[in-house]
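Analysis of the macromolecular model
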Amino acid sequence: MLTPRIEDYLEELFLIESTGQKIKVTEVADRLKITKGTVTATIQKLVELGLAEHERYGTLHLTQEGRKTGMQTFRRHEGFRSFFHEILGLDRDHSSEMACSMEHYVDNITEDRLYALLEFFRRARAENQTWVDDAFSAIEKPLLIIPVPLTLCEVGANGAILRLTADEPLRKELISKGFNTGVNVELLNSENEIFTIKINNKKFELPLNEAASIWIQQSK
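All residue numbers refer to position in the chain's written sequence, counted from 1. Reporting of local features is limited, given that this is a predicted model, to residues whose pLDDT is at least 70; pairs of side-chain atoms are given and counted only at 80 or more, and all residues count toward the totals for whole chains, interfaces and linings. Remark: hydrogens and water are excluded; side-chain values derive from all non-hydrogen atoms of the structure.

Observations concerning the sheet that holds strand 4 (residues 158–164)
Here is the rule we go by: When DSSP finds two or more bridges between a pair of strands, those strands are recorded as paired. By the criteria applied, helices consist of DSSP H or I runs no shorter than four residues and strands consist of E runs no shorter than two, each listed in order from the N terminus.
Ordered in space as 3-8-4-5-6-7, the six strands form an open sheet in which the pairing is antiparallel. Bordering the open sheet on either side are strand 3 (148–149) and strand 7 (202–207), each of which pairs with just one other strand.

In structure tokens:
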């Protein structure tokens, strides 16, 4: 298993190599913003793993396996960066930062589908398909209100019950009291871990553990 840090090194080495330059420890240190000593130690690790070759005071270059891994990490970075920038509309720097966080935790299937989605959007935009503008408008002005448990609602909040996450027999007990999906709930008070709520014109006082298992979609 390669660590994210090792993959970052391989990505940088691959990018330097792709410019036609010779790979130098100093440049790697500058690009990764770390010391030359740290770079040297990590490169030795790459050599031990068979991902790079480094002659003492000589040429440093990737092996074919190291090159493939560097390319894969770079490709995944670009896929996520493009998704965040082109589809979600985030600025380039933030998109790149987000990509750096995610590029190490994706498998081949996810990578392939990510690029397929990007290509689908790019093709539709090039063809001036009208639904693309509608999709971007919806992304920029999200309408989704995230469901939350009653324990995270402010006093006065109300909304429809989406689900109960309580285990049996508490779940059955709550349902028997009228806490069913779709029923509107209003939080009247919250004090000393007791939640006073109203459903169907009835008031209930629920302890924290019961309130925490009732998730609602709050009204706008």
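Points about helix 3 (residues 36–48)
We count it as follows: To estimate how far a helix should extend, the number of its residues minus one is multiplied by 1.5 Å. Only protein chains enter the accessibility calculation, which uses a 1.4 Å probe; a residue is then buried when its area is under 20% of its type maximum, exposed when over 50%, and partly exposed in between. What the arc describes is the spread of directions from the helix axis to the C-beta atoms. Note on contacts: a residue pair is in contact if any heavy atoms of the two residues lie within 4.5 Å.
For helix 3, spanning 13 residues, the distance from its first C-alpha to its last is 18 Å, which sits close to the expected 18 Å at 1.5 Å a residue. Within the span of helix 3, buried status applies to Val-39, Thr-42, Ile-43 and Leu-46. The buried residues of helix 3 occupy an angular sector of 105° when the element is viewed end-on, so they sit on one face. Exposed residues on helix 3 whose side chains face more than 90 degrees from its buried face are Gly-37, Ala-41 and Glu-48. Buried residues along helix 3 sit in contact with helix 1 (4–18), helix 2 (25–32), strand 1 (52–54) and strand 2 (60–62). Where helix 3 terminates, the next one or two residues include Gly-50, which has phi positive at roughly 75°.

Some thoughts on the nonpolar core
Threshold: Buried Ala, Val, Leu, Ile, Met, Phe, Trp, Tyr and Cys residues that are joined via side-chain atoms within 4.5 Å together make up what is termed a nonpolar core.
If you look at the biggest cluster of nonpolar residues, it comprises 21 residues, and the most contacted ones within it are Leu-150, Ile-161, Phe-179, Ile-197 and Ile-214. Those elements that provide at least two residues to this core are strand 4, helix 8 (170–176), strand 5 (184–191), strand 6 (194–199), strand 7 and strand 8 (214–218). Of all the elements, strand 6 adds the most residues to this core, at three residues. Once you skip the residues sitting within four places of it in the chain, Ile-197 turns out to touch Leu-150, Phe-179, Val-185, Glu-186, Leu-187, Leu-188, Lys-202, Lys-203, Phe-204 and Leu-206. Ranked by size, the runner-up nonpolar core spans 19 residues in total, among them Tyr-9, Ile-23, Ile-43 and Leu-60.

Let's talk about the packing of helix 4 (residues 64–87) against helix 5 (residues 92–102)
The condition is simple: Axis angles are defined between N-to-C directions and span 0 to 180 degrees, where every axis is a line fitted to C-alpha atoms and, for a helix, only to the segment in contact. Oblique is the label for every angle not falling under 35 degrees (roughly parallel), over 145 degrees (roughly antiparallel), or within 65 to 115 degrees (roughly perpendicular). If you view the pair so one helix is near and one far, a crossing is left-handed when the near helix is turned anticlockwise from the far one by less than a right angle, and right-handed when it is turned clockwise. Think of it as three bins: nonpolar holds Ala, Val, Leu, Ile, Met, Phe, Trp, Tyr, Cys and Pro, charged holds Asp, Glu, Lys and Arg, and polar takes everything else, Gly as well.
Two elements in contact, helix 4 and helix 5, have axes whose closest approach is 8 Å; the angle formed by their N-to-C orientations is 135°. Judged by the inter-axis angle, helix 4 sits oblique to helix 5. Considering only the axes of helix 4 and helix 5, their crossing is right-handed. Between helix 4 and helix 5, the residues in contact are His-77, Phe-80, Arg-81, Phe-84 and His-85 and Arg-92, Ser-95, Ser-96, Met-98, Ala-99, Cys-100 and Met-102, respectively. Classifying every residue of the contact of helix 4 with helix 5 gives six nonpolar, four polar and two charged.

Let's talk about the side chain of Glu-11
What counts is decided by this rule: None of His or the chain ends enter the tally, which takes Lys and Arg as positive and Asp and Glu as negative. Put simply, a salt bridge is a Lys or Arg side-chain nitrogen that is within 4 Å of an Asp or Glu carboxyl oxygen.
Tracing the backbone through its elements, the reader meets Glu-11 in helix 1. In this structure Glu-11 is buried but unpaired, with Arg-31 as the nearest side chain of opposite charge at 8.3 Å. Residues contacting Glu-11, with those up to four places away along its chain left out, are Gly-70, Thr-73, Phe-74, His-77 and Glu-103.

Overview of the pattern of salt bridges
All chains considered together, the criterion is met by eleven salt bridges. Across the pair Glu-27 and Arg-31 runs a salt bridge whose closest N-O atoms are separated by 3.5 Å. Highlighted residues: Glu-27 and Arg-31, both in helix 2, separated by four residues, approximately one helical turn. Here Arg-31 falls in the partly exposed class, since its relative accessible area comes to 33%. Salt bridges sharing common partners tie together Glu-12, Glu-27 and Arg-31.

Thoughts on the side chain of Asp-8
Along the chain, the position of Asp-8 falls in helix 1. At 4.0 Å, Arg-5 is the nearest oppositely charged side chain to Asp-8, a buried residue that forms no salt bridge. Other than its neighbours up to four places away in sequence, Asp-8 contacts Glu-103 and His-104.

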